[in-house]
Amino acid sequence: MIDIHCHLLNNVDDGSQSKEWTLSMLKTAVNSGIKQIIATPHCWPGVRYLNDRVSIEHAYLEALDLIKEYDLPLRLYRGCELFMTDDSLDWIKSGRALSLNDSRYYLIELPWTSPQDEADDQTSYLQAIIDMGKLIVIAHPERYSILKNDFSLIQKWRDMGCYFQINRTSLINPDCWEYELAWKLVNAGFVDIIATDAHHTNGKRIMRLDDIYELLKAKFDVEKLRACFYDNALKIIDDQLI
Ligand SMILES: [Fe+2]
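In this numbering scheme, every chain counts its residues from 1 along its sequence in written order. Reporting in this predicted model follows two pLDDT cut-offs: at least 70 for local features of residues, and 80 or more for side-chain atom pairs to be given and counted; totals over whole chains, interfaces and linings ignore these cut-offs and use all residues. The side-chain quantities take in all heavy atoms of the structure and omit both hydrogens and water.

Some remarks on the overall build of the protein
Then, in step 1: Here a strand is any run of E in DSSP of at least two residues, a helix any run of H or I of at least four, and the numbering for each starts at the N terminus. When helices and strands are counted, the protein shows 10 helices and 9 strands.
Then, in step 2: Every radius of gyration here is taken over C-alpha atoms, with the globule rule written as 2.2 Å times N^0.38, N being the number of residues. In summary, the protein has a C-alpha radius of gyration of 17 Å against a globular reference of 18 Å for 242 residues, a match within 12%.
Then, in step 3: In terms of its C-alpha atoms, the protein occupies a principal-axis envelope of roughly 50 × 45 × 35 Å.
Then, in step 4: The cut-offs for exposure are 20% and 50% of the maximum accessible area for each residue type, with area from a 1.4 Å probe on protein chains only; residues under the lower value are buried, those over the upper are exposed, and the others partly exposed. Counting across all 242 residues of the protein, residues that qualify as buried make up 55%.

Have a look at this one:
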């Protein structure tokens, strides 16, 4: 399996805060059957987490060293989770924002809660990225209030060419607030990739995909299962069209 969304790099955002923390996350990933990872630290251009290629270099090399030192069967790539800010389009335009493994794909995070009349702004923002010749993976759409209040937006974004990444945790924990919308998206076919969005070494947001894979076996045919846990992520890494 491949995880395209996680926060395992040491001390670059609110994920891992130590080398040991990163190592523990890498080991959890291996134990759950993950073989390739795109590290996606938060990036909020002009606000905080100003993560670009230069600023994450030390943490990225440190994680690569850990993989080598502990002989972990993992491939690690760079990316970021790019939050929609006033400056983020400029960061994409200038090449400062990290795409997923230097592909055309950007992992885009939208505001979790926003007034419903901002739907058009968000759609225009996504369109502006597409107009730059880029491809969009929307991170955890199940978290966005704007979508909860107007589910038709998801079809609009799909028609524009956006892909959708749903978090493992949103689907396995019935008590979480994203659960209902996450399953609504899955049931309506608006899921292209399942990822961990892991931040921690224990608790809920950890680097496992095996449990949600087992759960979705009952729901998806073999092809869809493969697409969501492997094929689509591999196409992103290789910069191929999904
Ligand atoms: Fe994230």
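Quick look at the sheet that holds strand 3 (residues 42-43)
Then, in step 1: Judged by pairing direction, the sheet is parallel, and its 6 strands sit side by side in the order 3-5-6-7-8-9 without closing on themselves. If you trace the sheet from one side to the other, it starts and ends with strand 3 and strand 9 (193-195), each paired once.
Then, in step 2: We call two strands paired when DSSP finds no fewer than two bridges between them. When strand 7 (residues 135-139) meets strand 8 (residues 163-167), the two strands line up parallel, connected through 3 bridges. Bridged to I138 within strand 8 is F164.

Description of the state of the cysteines
Then, in step 1: Sulfur atoms of two cysteines make up a disulfide when they are within 2.5 Å. Following the criterion strictly, the structure yields 0 disulfides and no others.
Then, in step 2: Between C43, a free cysteine, and C80, which holds the nearest cysteine sulfur, the sulfur-to-sulfur gap is 4.5 Å.
Then, in step 3: No disulfide involves C162; its sulfur sits 16 Å from the nearest other cysteine sulfur, which is in C80.
Then, in step 4: Residue classification places C162 among the buried positions, given a relative accessible area of 1%.

Some thoughts on the side chain of T22
Then, in step 1: For T22, the position within the fold is in helix 1 (residues 19-31).
Then, in step 2: N or O atoms within 3.5 Å of each other form a polar contact, as long as, within protein, one can give a hydrogen and the other can take it, and as long as residues adjacent in sequence are counted only when both atoms are side-chain atoms. Only 2.8 Å separates the side chain of T22 from the side chain of S16, close enough to count as a polar contact.
Then, in step 3: Residues are treated as being in contact if the distance between any of their heavy atoms lies within 4.5 Å. Contacts of T22, omitting those with residues within four sequence positions, involve L8, L9, N10, S16, A63 and L66.

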